[in-house]
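Next come the chains, spelled out residue by residue.
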Amino acid sequence: MDIKTRQAAIEGWFIPGDDRTALVGSRCRECGTYSFPKETFFCKNPSCTGTEHEQVELSRRGRIWSFTNNCYQPPAPYVATTDPFEPFAVAAVELAEERLVVLGQMVSGTSIEDLHAGMEVELVTETLFEDDEAVHLIWKWCPVCPAISDPAPMQQSSPEDPTANQSGDLPASPGRAGS
Amino acid sequence: MTEIAVLGVGMHPWGKWGRNFVEYGVAAARAALDDAGLGWADIDYVAGADTIRNGYPGFIAGATFSQALGWRGNRVASCYAACASGAHAINLARAQILAGFCDVALVVGADTTPKGFFAPVGGDRPEDPDWLRFRLLGATNPTYFALYARRRMDLYGATREDFARVKVKNALHGLANPNARYRKEVTVQDVMASPTVADPLRLLDICATSDGGAAMVVSSLEYAKRHTADPVRISAVSTVTPTYPQTVIEMPNFATDSAATVPPPERGFRDAIGFAAYHEAGIGPEDVDVAEVYDLSTALELDWYENLGLCKEGEAERLLRDGETSIGGRIPVNPSGGLACFGEAIPAQAIAQVCELTWQLRGQASGRQVEGAKVGITVNQGLFGHGSSVIVRT
Ligand SMILES: [Zn+2]
């Protein structure tokens, strides 16, 4: 049986993992401003001429600023993974420490009825698509389950399986088929 | 004196005609020249608004239209500023005129569009955020529009019915507009019954993509005096960028700027676009009689009411419900029918907005006239930080 390589769908933007996923941003060594995706040369702060940036992992949790879903299959280069297409949710998430908002798909199976502004979410890794060579991974946001919503743990003892989270810990959604 | 005159305006009707964009541009240019009572031989300078979906001729629109009208050695320029390209082309022409390099200029934008969602330019381009957002997030344009719409619901209690009412208003406005693509009354029920594209937005909340062309003949006030008694004048053209940090997520970005070290600016980007135009014209929102705003989605039109200062933040839904933005109301918005009735023909659209205001201010907007309109404003925002707002007055 062939085991395909599992790799990030884009290199250097995030660290994928079954237990721990983190977005990789940058922090200007001169003024301290954060960027995602990471800057490699100039600093976006107009009053800073810094060109050196420290690579940093961004906060792995944030709160939903706004959200929506895609009910129609996006055009290429989006790669559909199901036929027929299944809608998926997208959230813009505010990171408190970095004071920026980052987009991500919500973990598969999330219905927008399950979401509200201000809701706490956490990064997970899922498959974006597979081709002949590899399984391409992407970051997604996953609602933080109330039972484990202690803001402290960076080192969680139990591995987070997004699929288990979705089916096990979230209230059943009255939801629409496929969303 | 920083004003220029609008001598003539013209459009090729919007639709899905499937012909070469150059044809629409030339038709619009000839209509604008006729409207001005001038010939092609009178034009010193051509400013073309580029289309990036029609190959090389689209990237050099100024030259393409000049050649199509017949080479005659005029000065030329082409510019791209995404949805704001048309206003940026107007600004190019204005700068040439005010600098004294030319007396009279032609501004042209036209597009032929593919069906369906706007997709990024083809090929594998993993360095391009516009390509990446489709690949990594499946984030279409409506994804971003829907994030803003949802925000209005959360912050101000907007409802899906409010969004639908924008479409109903604009459909009514555009009924008699001969250049509009969709001329059909729409009810709130029609909008609500159309399929959801990106919740809370439905198909009829989101503008289509269209073919179309728009053109203007503009000149110095001095030149205009010799040709017409009382031309409509352009008093301001705002082409500003955002100020760092931009804290609202914008197409095609994955993230906003960070406000961790630099506090957010006094005005967010959309507020700043109109503010720069008002400042340049020396007027305020209270002086405006009519507005053409970029209703890529119904909900976005409501955002623009507030960004332009037509009402306070959070009051756009009330302004709409009270009928104040309908023709006959206090401040009619999108009397042309807006993008709701036109669909978007990117490089032509911001020019078309100014064409409409010109007809409104001349009292020639048959079937959709805002009575007594003397001052009008357009507003629009192009991908990658291109503001655009034009103020015209009689
Ligand atoms: Zn810096």
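Scroll up a little and you will see the structure.
The structure presented is a predicted model; accordingly, all values stated were derived computationally and were not measured. (Residues numbered from 1 in each chain as written. Chains lettered and ligands numbered in written order. Predicted model: local features only at pLDDT ≥ 70, side-chain atom pairs only at ≥ 80, totals over all residues. Heavy atoms only, no water.)

Peer 1: Any chance you could explain the interface of chain A and chain B here in plain terms?
Peer 2: Interfaces are often described in size by the accessible area the parts lose on coming together. Taken residue by residue, the interface counts 45 residues in chain A and 40 residues in chain B. Interface area for chain A against chain B, summed over the two sides, is near 3,600 Å², with a carbon-plus-sulfur share of 65%. Taken together, the connections running from chain A to chain B amount to one salt bridge. For the side of chain A that touches chain B, the secondary structure elements donating two or more residues are β6 (61–70), β7 (88–95), β8 (100–106), β9 (120–130) and β10 (134–143) of chain A. Its residues assigned to classes, the side of chain A that touches chain B shows 30 nonpolar, 10 polar and five charged. (Contact = heavy atoms within 4.5 Å. Buried area = accessible area lost by both parts, 1.4 Å probe. Salt bridge = Lys/Arg side-chain N within 4 Å of Asp/Glu carboxyl O. Helix = DSSP H or I, 4+ residues; strand = E, 2+ residues; numbered from the N terminus. Nonpolar A, V, L, I, M, F, W, Y, C, P; charged D, E, K, R; others polar.)

Peer 1: For this particular structure, what's the right way to read the sheet that holds strand β8 (residues 232–238) of chain B?
Peer 2: Adjacent strands of a sheet pair through backbone hydrogen bonds, lying either parallel or antiparallel. All names here are of chain B. Reading across the sheet, the nine strands line up as β3-β2-β4-β7-β1-β8-β11-β10-β9 and stay open at both edges, with mixed pairing between neighbours. Edge strands, defined here as strands with exactly one partner in the open sheet, are β3 (75–79) and β9 (290–293). Across the sheet, the mean angle from the axis of one strand to that of its neighbour is 25°, orientation sign disregarded. Pairing of β9 with strand β10 (residues 375–382) involves four bridges; the strand directions are parallel. The residue bridging Glu292 from the neighbouring strand is Thr378, located in β10. Sitting on the sheet, helix α14 (residues 346–362) is in contact with β1 (4–15), β2 (45–49), β4 (104–111), β7 (211–219), β8, β9, β10 and β11 (386–393), with an inclination near 120° to β1. (Pairing = 2+ DSSP bridges. Axes fitted to C-alpha atoms, helices over the stretch in contact; angles between N-to-C directions.)

Peer 1: Could you clarify how one ought to interpret the packing of aromatic side chains in this entry?
Peer 2: Aromatic ring pairs are described here by two measures, namely the spacing of the ring centres and the angle between the planes. By the definition in use, this model includes 12 aromatic pairs over all chains. Considering the side-chain rings of A:Trp13 and A:Phe36, the 5.7 Å spacing of their centres and the 80° angle between planes classify their relative orientation as edge-to-face. With A:Trp13 in the loop between β1 (5–8) and β2 (14–15) and A:Phe36 in the loop between β4 (34–35) and β5 (53–57), the pair connects residues that are 23 residues apart, well separated along the chain. Each member of the pair A:Trp13 and A:Phe36 is classed as buried. Counting every residue linked through ring pairs, the aromatic cluster contains A:Trp13, A:Phe14, A:Phe36, A:Trp139 and B:Phe254. The side chain of B:Arg72 reaches across the aromatic face of B:Trp40, ending 4.8 Å from its centre. The positively charged end of B:Arg270 is found above the aromatic ring belonging to B:Tyr148, 4.4 Å away from the centroid. (Phe/Tyr/Trp six-rings, centres within 6.5 Å; stacked < 30°, edge-to-face > 60°. Buried < 20%, exposed > 50% of the residue type's maximum accessible area, 1.4 Å probe, protein only. Lys NZ or Arg CZ within 6 Å of the ring centre and 35° of its normal.)

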